[in-house]
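Letter by letter, the chains look like this.
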Amino acid sequence: IAAPLTIAIDGPAAAGKGTLAKRLAAHYGLPYLDTGLLYRAVGRLADEQGVDLDDAEAAGAVARALDAGAIDEAALRGREAGELASRVAAHPPVRAALEAFQRAFAADPRGAVLDGRDIGTVICPGARVKIFVTASAEVRARRRTDELAAKGRTVEYERILAEVRERDARDAGRAAAPLKPAADARLLDTSELDIETAFRAACAIVDQAPH
Ligand code: CDP
Ligand code: CDP
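If you're wondering where the values come from, they're calculated on a predicted model, not measured in any experiment.

### With respect to the site of ligand 1
Then, in step 1: Within the structure, ligand 1 sits among 15 residues, and Lys17, Gly18, Thr19, Glu147 and Leu193 are positioned closest to it.
Then, in step 2: Taking lysine 17, its side chain carries an N or O atom lying 2.7 Å from an oxygen atom of ligand 1.
Then, in step 3: Contact distances for ligand 1 include 2.8 Å between an oxygen atom and a backbone N or O atom of glycine 18.
Then, in step 4: Burial of ligand 1 by the protein amounts to 79% of the accessible area it has alone, namely 540 Å².
Then, in step 5: Grouping the amino acids of the shell around ligand 1 by side-chain chemistry returns 6 nonpolar, 4 polar and 5 charged.

Quick look at the structure:
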């Protein structure tokens, strides 16, 4: 029986983590978990319940009550949920409440692909493959702007760029599980790579990883 293939994908907002992680999961026949959705769900629920997003204990209680297996992805995709997520994600009680679900998912005997901010550093420190996906803030903001335009929504590039920078600063600047590459992560800068080229580069990293 082959050892489980656990692939940890981390990086800043709109780097292309989800797109890459999904393709890797399909290619290697592994289950995939978008861990950002968990934080988005907590941020949204806390907001709906009128919880103070700066109150770590109150946000932690929302996270502990979350049914992580029943998350409505479509309702959580937007920029507002991303912003709410990054605010509650700074609180240790929120992170602690979401840890068991993520670790259990990653313990699948086949392995798994997880993407987020702290997969390689906290959730799966022993992952066989760790990839830190980056791209310049300008490229990431351009991708998000184009994505919205494709859905018929016009949002100013400058505004998206400011949001991207703000989220980067909050995610990298927090004390609890800050966004940073694990010491043994491979960096993949996709600023000048299309999706197909980034996918092939990631496959090469996976296929070269020691078994
Ligand atoms: O999950 P994350 O927020 O990191 O990014 P994503 O939602 O997977 O990708 C953001 C956007 O960048 C999507 O519209 C992708 O089609 C696009 N993109 C990419 O993911 N990878 C590239 N190498 C080029 C573009
Ligand atoms: O798709 P995008 O990269 O824009 O965001 P996401 O992956 O859905 O994550 C939303 C927010 O949740 C991030 O800005 C982080 O603050 C938080 N997050 C986290 O702290 N740890 C994770 N493993 C995943 C997300």
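### Observations concerning the environment of leucine 53
Then, in step 1: For leucine 53, the location among the structural elements is in the loop between helix 2 (36-48) and helix 3 (56-65).
Then, in step 2: For leucine 53 and alanine 89, which are 36 residues apart along the polypeptide, the C-alpha to C-alpha distance reads 9.7 Å.
Then, in step 3: In contact with leucine 53, not counting residues within four places along its chain, are Gly43, Ala46, Asp47, Leu84, Arg87, Val88 and His91.

### Topic: unusual backbone geometry
Most peptide bonds adopt trans geometry, and most residues besides glycine take a negative phi value.
Then, in step 1: Look at alanine 14: it is not a glycine, yet its phi comes out positive at around 65 degrees.
Then, in step 2: For alanine 14, the location among the structural elements is in the loop between strand 1 (5-10) and helix 1 (17-28).

### A look at the environment of arginine 23
Then, in step 1: Note that arginine 23 resides in helix 1.
Then, in step 2: Residue classification places arginine 23 among the partly exposed residues on the basis of a relative accessible area of 30%.
Then, in step 3: Expressed as a C-alpha distance, the spacing of arginine 23 and isoleucine 195, which sit 172 residues apart in the sequence, is 9.7 Å.
Then, in step 4: Not counting chain neighbours up to four residues away, the residues in contact with arginine 23 comprise Ile195, Glu196 and Phe199.

### Description of the UniProt feature "domain: Cytidylate kinase" (unreviewed entry) in the chain
Then, in step 1: This chain's UniProt record puts "domain: Cytidylate kinase" (unreviewed entry) on residues 7-198.
Then, in step 2: Annotated as 52% helix and 12% strand, the span residues 7-198 places its first and last C-alpha atoms 15 Å apart.

### Let's talk about the packing of helix 2 against helix 3
Then, in step 1: Where helix 2 contacts helix 3, the two axes come as close as 9 Å, and the packing angle between them is 115 degrees. Helix-helix and strand crossings are classified by hand; for helix 2 and helix 3 the assignment is right-handed. Between helix 2 and helix 3, the contacting residues are Val42, Leu45 and Ala46 on the first element and Ala59, Val62 and Ala63 on the second.
Then, in step 2: Of the residues that constitute the contact of helix 2 with helix 3, the class distribution is 6 nonpolar, no polar and no charged.

### Details of the packing of helix 1 against helix 9 (residues 195-208)
Then, in step 1: Look at helix 1 against helix 9: their axes get within 10 Å of each other, and the N-to-C directions meet at 55 degrees. Taken together, the axes of helix 1 and helix 9 are oblique relative to one another. The crossing of helix 1 and helix 9 is right-handed. Of the residues in helix 9, those touching helix 1 at Thr19, Leu20, Arg23, Leu24, His27 and Tyr28 are Ile195, Glu196, Ala198, Phe199, Ala202, Cys203, Val206 and Asp207.
Then, in step 2: Looking at side-chain class alone, the contact of helix 1 with helix 9 contains 9 nonpolar, 2 polar and 3 charged residues.

### Observations regarding the pattern of salt bridges
Then, in step 1: For the coordinates displayed, the defined rule picks out 20 salt bridges.
Then, in step 2: Of the charged contacts, one joins aspartate 118 and arginine 95 as a salt bridge, the two residues approaching to 3.0 Å between their closest N and O atoms. Here aspartate 118, found in the loop between strand 3 (111-116) and helix 6 (119-123), pairs with arginine 95, found in helix 5 (residues 92-106); they are 23 residues apart in sequence, far enough to count as distant. No difference in accessibility class separates aspartate 118 from arginine 95, as the two residues are buried.
Then, in step 3: Between arginine 140 and aspartate 168 there is a salt bridge, and its shortest N-O distance comes to 2.7 Å. Taken together, the residues span a long stretch of sequence, with arginine 140 in helix 7 (residues 137-150) and aspartate 168 in helix 8 (residues 157-173) at a distance of 28 residues. The two residues arginine 140 and aspartate 168 agree in class, both being buried.
Then, in step 4: A network of salt bridges, in which partner residues are shared, links Arg23, Glu196 and Arg200.

The rules behind these values
- Residues numbered from 1 in each chain as written.
- Chains lettered and ligands numbered in written order.
- Predicted model: local features only at pLDDT ≥ 70, side-chain atom pairs only at ≥ 80, totals over all residues.
- Heavy atoms only, no water.
- Near = heavy atom within 4 Å.
- Polar contact = N/O pair within 3.5 Å; in protein donor to acceptor, adjacent residues only side chain to side chain.
- Areas by Shrake-Rupley, 256 points an atom, 1.4 Å probe, with all protein chains shown as cover.
- Nonpolar A, V, L, I, M, F, W, Y, C, P; charged D, E, K, R; others polar.
- Helix = DSSP H or I, 4+ residues; strand = E, 2+ residues; numbered from the N terminus.
- Contact = heavy atoms within 4.5 Å.
- Buried < 20%, exposed > 50% of the residue type's maximum accessible area, 1.4 Å probe, protein only.
- UniProt positions renumbered as here; feature names shortened; annotations may be inferred.
- Axes fitted to C-alpha atoms, helices over the stretch in contact; angles between N-to-C directions.
- Left-handed = near helix turned anticlockwise from the far one by under 90°.
- Parallel < 35°, antiparallel > 145°, perpendicular 65-115°, else oblique.
- Salt bridge = Lys/Arg side-chain N within 4 Å of Asp/Glu carboxyl O.

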